[in-house]
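Observations on the model geometry
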Amino acid sequence: MQGFHLSGTVTEPATATEPEMTYKVAISFDRCKITSVTCGCGNKDIFYCAHVVALSLYRIRKPDQVKLRLPISETLFQMNRDQLQKFVQYLITAHHTEVLPTAQKLADEILSSNSEINQVHGAPDPTAGASIDDENCWHLDEEQVREQVKLFLSQGGYYGSGKQLNSMFAKVREMLRMRDSNGARMLTLITEQFMADPRLSLWRQQGTGITEKCRQLWDELGALWVCVVLNPHCKLEEKSSWLRQLRKWGEMDVCPLEDGNYGNELPNITNALTQSSSHSQDSLARPRRTVFTRAIEGCDLHWQDSHLQRIISSDFYVSPAYQREGESLLFNSQGQPLWLEHVPTACARVDALRSHGYPREALRLTVAIINTLRLQQQRQLEIYKHQKKELLQRGATTITNLEGWVGHPLNPIGCLFLTLTEACRLEEENCLEISDTGDTKPPVYQHVPVTTGSQDSGESYLSLALEVALMGMGQQRVMPEGLYAQDKVCRNEEQIIARLQDLELDPVLVQTLRKQCILLLEGGPFSGLGEVIHRESVPMHTFAKYLFSALLPHDADLAYKLALRAMRLPVLETTAPSGDVTHPHHLVSVVPSRYPRWFTLGHLESQQCELASTMLTAAKGDMLRLRTVLEAIQKNIHSSSLIFKLAQDAFKIATPADSNSDTTLLNVALELGLQVMRMTLSTLNWRRREMVRWLVTCATEVGVRALVSILQSWYSLFTPTEATSIVAATVMSHNTILRLSLDYPQREELASCARTLALQCAMKDPQNCALSALTLCEKDHIAFETAYQIVIDAASTGMTYTQLFTIARYMEHRGYPLRAFKLASLAMTHLNLAYNQDTHPAINDVLWACALSHSLGKNELAAIIPLVVKSVHCATVLSDILRRCTMTAPGLAGIPGRRNSGKLMSTDKAPLRQLLDATISAYINTTHSRLTHISPRHYGEFIEFLSKARETFLLAQDGHIQFAQFIDNLKQIYKGKKKLMLLVRERFG
């Protein structure tokens, strides 16, 4: 070690894959700070490499092992001319390859009288320290910082780059805490790279928002600058240079805006950091607010206020015994100091104190802020008590908070909570990183009494942390505009709740919790859980769910009261008045649209549903509580799919696999299910089938009375199709009867209800319900006859041939062939088959109907053939029917009381003669139709068609003459189609 320069070699032991390595390390230092480092390993990083750290630790831990020498200039001063010449020549010989060119150059310059080197007195010494007036700061490899940030940004949040950038932010906070001047320098380097990110101009051109991950990094960047400029001990020139930088960045087109938009939507209304009271109409023309605006405004703040100085410098600052004029604003009635500044600004000061390594001062200011908030809460409560009657009559309220603290860019509540809980953490090292440090086990806290000048308050910093979090989360605030700001509200709320869940609620904290919950419930316009809220108030569901679970073991009545109050979502109530708004941006947004643009509405509704589900689970077995929760759901939840989810949740909880069902909760599930049925009956819902099936399952679980009830009131719950094909069919299934283990009278009652339903549905919608109705009525003769009559009555008007054929086949299958014949005949009258429809799906039904008529006897066949002739014009189908009718004798069905002659029928006599004539006629018409636009590739197929026609012609007595005349006719009419007529001659002469 020479002067202020430490050099050494560090050996890295061999590993399985790498040999042993030795590195040369050199470190310069000045006034307890490392000011520059070099290492042979060549590792590039913003943090020192392991070898630099090893050498530094060796010097710290074993100072006596490191030989201390004077700076080299002192040693050279002691040598005479010969010694100096010897020293230089030996030095050059030891390193001649590296230093010879430099040595020659320096020698030339020293010998030249007018060279630059001779204009300066003395010579540099790398081992000597800096002058006392020189700046001294820790070594920071600026190029490396730039390169790393650039690399992480180019990865766009992938490969853990977001985590890396967050750890760089954490490094900046650590530097600030150590009061290392490089903190601001490093933040400047990071910001320069962020501003140079090529994606910014791309996002701006496309008008798309910045990606979520990137947006959060920009937020942290903005918050860090607020911290830097609020450094209580920074120099004026430093602040001026930061302000110039921040303004320069803020004026750039690509600079991201505070509310996350590139100006497509109205920016968010926020209070400036400084105390501005002019909320006039002018603020409608709002200035552009970038992520740096708050830091720029923060440059105007100072720490010179004597009251502020006294607050942060002493735990025992109390009001004087005699208060002068105006001093009443500085202390509360207990004599404790208050700090009456715009809350987020005051909290930014706390964050700055914390971040710059002043934890005691941060705590003192936090306590003053909380005492101020308490006083405001108290005063607002008193004002509200006087206006309560009028507000309740109006059913609306103004918003007293112009900006919400949860989701605020400066995160005021999170900041106070962290400051207080850090003072109570049971750990060697207080962990100050705001970013997620990836701790797996939650922190452990203990009560630390609040040090105060007034009488012992008996309060602890931990109970204050809980109190301020509850105050902030319960603040009534209007939903901000824009997707990003709204999303941030939800995210910040979840972050605070996650921290609250780390607190173990002992009796002291439970007392704080109860007291604050009562205040929130009684609260007027300042509380989001007050009796009356503004229509666009941020909903409290997520917060209330936490409060409900936390309170339940200690004060169930209060827990339910609070959660039930929080169930509302007034923005969806069409009748809700919009209230008197003293808020410029609401004058803009409420008037034009009925519903404001709540981008996170889906998330908020699901949180409302979660709150309801939590209450249902807790109320299991308690009829009275379940009833109130049910009423709250029915009044406040407007989405059928969410109510369905709640019904399913309730059903699951009510029917555990390992024990008996809970009837109270089962009934709630059923009631919610019935509500869903009514809500979705006339609207299209893709889950409707699933919902109907689920409802029948639920009713089955409740019991036979529930099933009877849904069968009797089916028309208000189901469509006729659902009622017959799903509901009644499932109720009458073997599985349901077994599941309910019903006795005979109960089975009969259910069956009777199902039949009544079936007949009602068949009357209402015969097309879709007739077959189901017949099936359901099979076991009851009168009901079955009634259903059949409904079908017959509807057949002539409201039913298609497909439906009639289906029912006719069912009738035959059930052993009613004559009824089947009647329905088939009715079906035939609705049918029309053209000459070219030889693949029509109804062909099978026609063939079946003719076969049925043939099997019944000559009379039935004679009755159906005229219908066939009228409806079917397709020659191949007609010839197929004709062929089948001539193969066997009619009347083989063996109907009792009928005689069957056993003779084959002749095509010369009725009824087949009519069918034969129709078939020949169809062949002639089809032939002419086909020839009008036939192409040569279809000639072969056409000749085969004529061969089939000849077979049919030959069934007639003078068939061969008729066919010959037909062919001659064709040759005459179509003689132009020479090639085709040649083929006709070849085959038919």
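Residues numbered from 1 in each chain as written. Predicted model: local features only at pLDDT ≥ 70, side-chain atom pairs only at ≥ 80, totals over all residues. Heavy atoms only, no water.

**A few points about the sheet that holds strand β3 (residues 33-39)**
- Pairing in this open sheet of three strands is antiparallel, and the strands run β1-β2-β3 from one edge to the other. In this open sheet, the two edge strands, each paired with only one partner strand, are β1 (5-12) and β3. Each adjacent strand pair in this sheet contributes to an overall mean axis angle of 25 degrees, direction not counted.
- With respect to the sheet, helix α1 (residues 50-61) is in contact with β1, β2 (21-30) and β3, its orientation differing from that of β1 by roughly 115 degrees. (Pairing = 2+ DSSP bridges. Helix = DSSP H or I, 4+ residues; strand = E, 2+ residues; numbered from the N terminus. Axes fitted to C-alpha atoms, helices over the stretch in contact; angles between N-to-C directions. Contact = heavy atoms within 4.5 Å.)

**A look at the layout of surface pockets**
- Of the volumes computed, that of the second largest pocket is approximately 1100 Å³.
- Taken together, 28 residues form the lining of the second largest pocket, with Leu 76, Val 88, Leu 106, Ile 110 and Ala 123 sitting closest to its centre.
- Only α2 (72-77), α3 (81-94) and α4 (96-111) provide two or more residues apiece to the lining of the second largest pocket.
- The dominant element in the lining of the second largest pocket, judged by the number of residues it contributes, is α4, at eight residues. (1 Å grid on protein atoms, 1.4 Å probe; cavity = no way out; pocket = protein on both sides within 12 Å on 5 of 7 lines; lining within 4 Å. Points joined across faces, edges and corners; volume = space filled by probe spheres on them.)

**Remarks on the pattern of salt bridges**
- Throughout the structure, instances matching the rule amount to 45 salt bridges.
- A salt bridge links Glu 142 to Arg 185; its shortest N-O distance comes to 2.8 Å. Highlighted residues: Glu 142 in helix α5 (residues 142-154) and Arg 185 in helix α7 (residues 182-195), separated in sequence by 43 residues.
- Owing to a relative accessible area of 28%, Arg 185 belongs among the partly exposed residues under this scheme.
- With a shortest N-O distance of 3.0 Å, Arg 491 and Asp 487 are connected by a salt bridge. Separated by four residues within a single helix, Arg 491 and Asp 487 lie in helix α17 (residues 483-500), roughly one turn from each other. (Salt bridge = Lys/Arg side-chain N within 4 Å of Asp/Glu carboxyl O. Buried < 20%, exposed > 50% of the residue type's maximum accessible area, 1.4 Å probe, protein only.)

**Examining helix α22 (residues 601-618)**
- Over its 18 residues, α22 extends 26 Å from the first C-alpha to the last, a length consistent with the 26 Å expected when each residue adds 1.5 Å.
- Looking at the buried residues of α22, the elements they touch are α17, α19 (541-551), α20 (556-566), α23 (623-636), α24 (640-654) and α25 (663-680). (Expected span 1.5 Å × (residues − 1).)

**Notes on the nonpolar core**
- The biggest cluster of nonpolar side chains holds 250 residues, and the ones touching the most others in it are Ile 190, Phe 194, Trp 218, Trp 225, Phe 292, Leu 616 and Phe 718.
- It is helix α16 (residues 461-473) that provides the largest number of residues to this core, a total of ten residues.
- In this view, Ile 190 contacts Val 145, Val 149, Met 168, Phe 169, Val 172 and Leu 221; residues no more than four positions away in its chain are not counted.
- Counting residues in each nonpolar core, the second largest holds eleven residues, with Tyr 23, Ile 27, Cys 49 and Leu 55 among its members. (Core = buried A, V, L, I, M, F, W, Y, C linked by side-chain atoms within 4.5 Å.)

**Focus: a nonpolar patch on the surface**
- On the surface, Val 53, Leu 57 and Ile 60 cluster together to form a nonpolar patch covering roughly 250 Å² of accessible area.
- Along the chain, Leu 57 turns up in helix α1. (Patch = residues over 30% accessible without salt bridge, like charges linked within 9 Å, V, L, I, M, F, W, Y side chains within 5 Å. Areas by Shrake-Rupley, 256 points an atom, 1.4 Å probe, with all protein chains shown as cover.)

**Concerning unusual backbone geometry**
- Here Arg 179, not a glycine, exhibits a phi torsion of approximately 55 degrees, which is positive.
- Structurally, Arg 179 is set in the loop between α6 (161-177) and α7.
- Even without a glycine there, the phi angle at Ser 741 is positive, about 35 degrees.
- Its location among the elements puts Ser 741 in the loop between α29 (734-740) and α30 (744-764).
- Note on Ser 741: relative accessible area 62%, which makes it exposed.

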